[in-house]
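Survey of secondary and tertiary structure
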Amino acid sequence: DEALSGVEKQKVAIAAMTITDPKMLILDEPDSFLDSEGRASLEAAVAGIRSRQPGLLEVRIAQVADFMRDYSRLIVMSDGRVVADGDPSEILSNRQLLVQTGLVAGEVNSSESSMPEVDIAAPSSEKPLQLEIESVTFAYEDASPVIRELTFSLMAGEILGVAGPTGS
């Protein structure tokens, strides 16, 4: 409703979803249009859910690098392919990769313009496997694929960020 603020709408949506005790929570740009107070409030709500459900798989789709630092793992996509997968602090310290993928503004030297090939293996963890995606390709009707041969595994309790210049 128009009477609710952005963060209130986010909280209502999350509360409605968690009534069913979900195993997975997928948040698409959850902090969009929120100020720092709204983001903190939203994070507290999600942290409460996580504390009640320690095996919850949380996937966040994001475009703003600043909000990705606290994720357990980050997958960066460019042109439908995974170009980085791992620790967010390591990935976010690679300025060339961030510029090439459009996560930050800047220029890339043409000799450095090819994207790396990334071999994505299941993360080593003592936590149980929660979700496995294998060779997924997606295209809108009559268009080139926006995701090509995506394969990865996610562990219980992991917070995964999926990032790209348009969140895809």
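In what follows, the accompanying structure is described.

Looking now at the environment of L97. Take L97: it is sitting in helix α4 (residues 95-101). Sequence separation of L97 and A84 is 13 residues, and the distance between their C-alpha atoms is 8.4 Å.

A separate point is the pattern of salt bridges. On inspection of all chains with the given rule, the structure shows four salt bridges. Across the salt bridge formed by E43 and R60, the nearest N and O atoms sit 2.6 Å from each other. With E43 in helix α2 (residues 36-52) and R60 in strand β2 (residues 57-62), the pair connects residues that are 17 residues apart, well separated along the chain. Among the ionic pairs, R73 bridges to D85, the shortest N-O distance being 2.8 Å. With R73 in strand β3 (residues 73-78) and D85 in strand β4 (residues 81-86), this pair connects stretches of sequence that are 12 residues apart. With a relative accessible area of 24%, D85 lands in the partly exposed category. Shared partners join several salt bridges into a network, and the residues in it are E43, R50, E58 and R60.

In this section: the layout of surface pockets. Size it by volume and the largest pocket reaches roughly 420 Å³. In terms of lining residues, the largest pocket is bounded by 20 residues, among which I61, M77, I147, L150 and V162 are the most central. At the level of secondary structure, the elements contributing two or more residues to the lining of the largest pocket comprise β1 (24-28), β2, β3, β5 (129-139), β6 (145-155) and β7 (159-163). It is β6 that provides the largest number of residues to the lining of the largest pocket, a total of five residues. Looking at the lining of the largest pocket residue by residue, the classes come out as 18 nonpolar, two polar and no charged.

Throughout the structure, instances matching the rule amount to one aromatic pair. Look at F138 and Y140: their rings are 5.0 Å apart centre to centre, the planes differ by 80 degrees, and that puts the pair in the edge-to-face class. Among the residues examined, Y140 registers a relative accessible area of 57% and is labelled exposed.

Here α2 contains 17 residues, and its C-alpha end-to-end distance of 24 Å stays within 8% of the 24 Å for a straight helix at 1.5 Å per residue. Taken together, the buried positions of α2 are occupied by G38, L42, V46, G48 and I49. On an axial view of α2, the arc spanned by its buried residues comes to 150 degrees, and they lie on one face. Away from the buried face of α2 by more than 90 degrees, exposed residues S36, E37, A44 and S51 are located.

Reading guide: rules and limits
Residues numbered from 1 in each chain as written. Predicted model: local features only at pLDDT ≥ 70, side-chain atom pairs only at ≥ 80, totals over all residues. Heavy atoms only, no water. Helix = DSSP H or I, 4+ residues; strand = E, 2+ residues; numbered from the N terminus. Salt bridge = Lys/Arg side-chain N within 4 Å of Asp/Glu carboxyl O. Buried < 20%, exposed > 50% of the residue type's maximum accessible area, 1.4 Å probe, protein only. 1 Å grid on protein atoms, 1.4 Å probe; cavity = no way out; pocket = protein on both sides within 12 Å on 5 of 7 lines; lining within 4 Å. Points joined across faces, edges and corners; volume = space filled by probe spheres on them. Nonpolar A, V, L, I, M, F, W, Y, C, P; charged D, E, K, R; others polar. Phe/Tyr/Trp six-rings, centres within 6.5 Å; stacked < 30°, edge-to-face > 60°. Expected span 1.5 Å × (residues − 1). Arc of directions from axis to C-beta.

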